[in-house]
Each structure stands twice: as C-alpha cells, then as structure tokens.
Amino acid sequence: MNSYIYIVIIIIFAIYIFNLKKEPFQSNIKFCVIVTTYNPGVYFLEKCLKSIENQIYKNYDVCILDDASNKDEIKTKDLIKEYCKKNNWKYVFKKDNIGPLGGRIGAIEKLDPDDETVIVSIDGDDELYDNHVFTLLNNYYTNDDIWITFGNYVDQYPDKKISKPKIKCKGFKFNKITENNMFRKTQWIYSHLKTFKYKLYKRISHHDLKKNGKYIKSATDMACLLYTSPSPR
C-alpha cells in the first residue's frame, strides 16, 4: 500500500515540475511582429529574420514589408518569400517607396491584430539580441498596466565584438516622466526594441503622422513613439 502512495506522490511531483517549467510560456500574450525593409542588404536581412525565427516564445505572427527596395531586389524578395513560406508569415512588396512609417502602418493592417495584441517593430537590418527577447516581452506584458515598452541597442562589429548600450538611460527618472506625462519634453531615449499594444496605437490620429497628405518619411520613430507614449489612463 505504501508503495502505491509513493508512486502517486512521485507522479504528482513530476506533474508539478513539468507545469512549473511550462509556466513562462503559457501566457496569452500575442505578438504581431512587423519588419520593414528598404535596401537592408541580404546578409543583414537574413540575420534579422533568423533571429525572429529562433525565438523560443512562439505566440507571434510576422509581416515583412519591403518598401520598394532597388538593390539586390530579386535576392531580397526571394529571401523574404523563403522565410514566409516555411514559417507561414505574411509579406508585402511595395511598388513605390512610402517610407518606414507608412510601411509599419501597412504591415500592422496586414496582420489585423486585436486590441490586446502587442506590436513589435523591427527594422530589416536589425537583429534581436538573443533567442529570449519575446520571452522577456511576454513576462513584461503579463502586467496589465504595461501598454508600451522600449529598449536599447548595441553595435556588433565585424570581429563579433559587441559595443556598450548606445542609449544612456541612467539618470532618467522614468517614473516621474510617466507620472507627469513628460514624454515629449524629455530627451529622445525611446530606442529599440519598440513595442506597444494595438489598442494604444489605435488612439493615434493619423492626421498627426502626415504632411501634405502623406506619411512623413523622416524621424518616423520619434513621431510614432511620441504619439503613442502618453499615459492612456
């Protein structure tokens, strides 16, 4: 009889350990990853797409939007089609260059996210730092009070050396910036990796993102992040 009790205890313990290991990956957070490219270079674009493909956290969709690249055009399109086919991702090939802001908006519309979906914006010549980036984002966004995030970036040199983080965030009082809605009065620090909930993005008036009826082509990161950043509550 005691042997049966021991077996039951062992089974329960094994189930507990198994579920404990799975716990970080059981969240419902869905990511829509948008990759915008314009002459990124096939080498850098492949590193970008491979870094997305290799993410351990898999609850995400991807749309790659090529903004009418005119260098290595065939190789670029073939590479995009290859990754989209094997991963069931989506892609858009623009005939005319509209700029990264218009491209991001087009890619978001292609993925048709719901309000709680998190948009992850990646440039085609950037590479995610490691295979746990989406896992980290998932951990952050399980907190309902988080609607937007930004990060930092490093340079990787040909000898594979990694630079120090390029944005010096120390010294910024983020709690004070948030509480007083001082995003637009603060030095620009909202760098890679930029993510936000779709319901927050929906609050932006696209009129504010256009000039002469067309989406602006310069400082688009600043425009999008500053119009998205103000506290929603």
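Quick notes on the rules
Residues numbered from 1 in each chain as written. Predicted model: local features only at pLDDT ≥ 70, side-chain atom pairs only at ≥ 80, totals over all residues. Heavy atoms only, no water. Buried < 20%, exposed > 50% of the residue type's maximum accessible area, 1.4 Å probe, protein only. Helix = DSSP H or I, 4+ residues; strand = E, 2+ residues; numbered from the N terminus. Right-handed = clockwise from strand over helix to strand, strands pointing away. Pairing = 2+ DSSP bridges.

Novice: Is there a simple way to explain the pairing of strand β1 (residues 31-37) in this structure?
Specialist: Strand residues, when the strand is regular, have side chains that alternate between the two faces of the sheet. For β1, the tally of buried residues reaches 7 of 7 residues, placing the bulk of the element in the interior. Covered by surrounding structure in β1 are Phe31, Val33, Val35 and Thr37 together with Cys32, Ile34 and Thr36, the residues of both alternating faces. Assessed by its sense of winding, the connection that carries the chain from β1 through helix α2 (residues 42-53) to strand β2 (residues 60-66) is right-handed. Sheet topology places β1 next to strand β4 (residues 118-123); 6 bridges connect them, and they run parallel. The partner of isoleucine 34 across the bridge, within β4, is serine 121.

Novice: What is the right way to read the pairing of β2 from this model?
Specialist: Across the 7 residues that make up β2, a large majority, 6, are buried. As paired strands, β1 and β2 are joined by 7 bridges and run parallel to one another. Across the sheet, residue valine 35 finds its bridge partner in β2, namely isoleucine 64. Of the strand pairs in this sheet, β2 and strand β3 (residues 90-93) are connected by 4 bridges, and their pairing is parallel. Bridging across to β3, cysteine 63 finds its partner in lysine 90. As a crossover connection, the stretch from β2 through helix α3 (residues 73-87) into β3 is right-handed.

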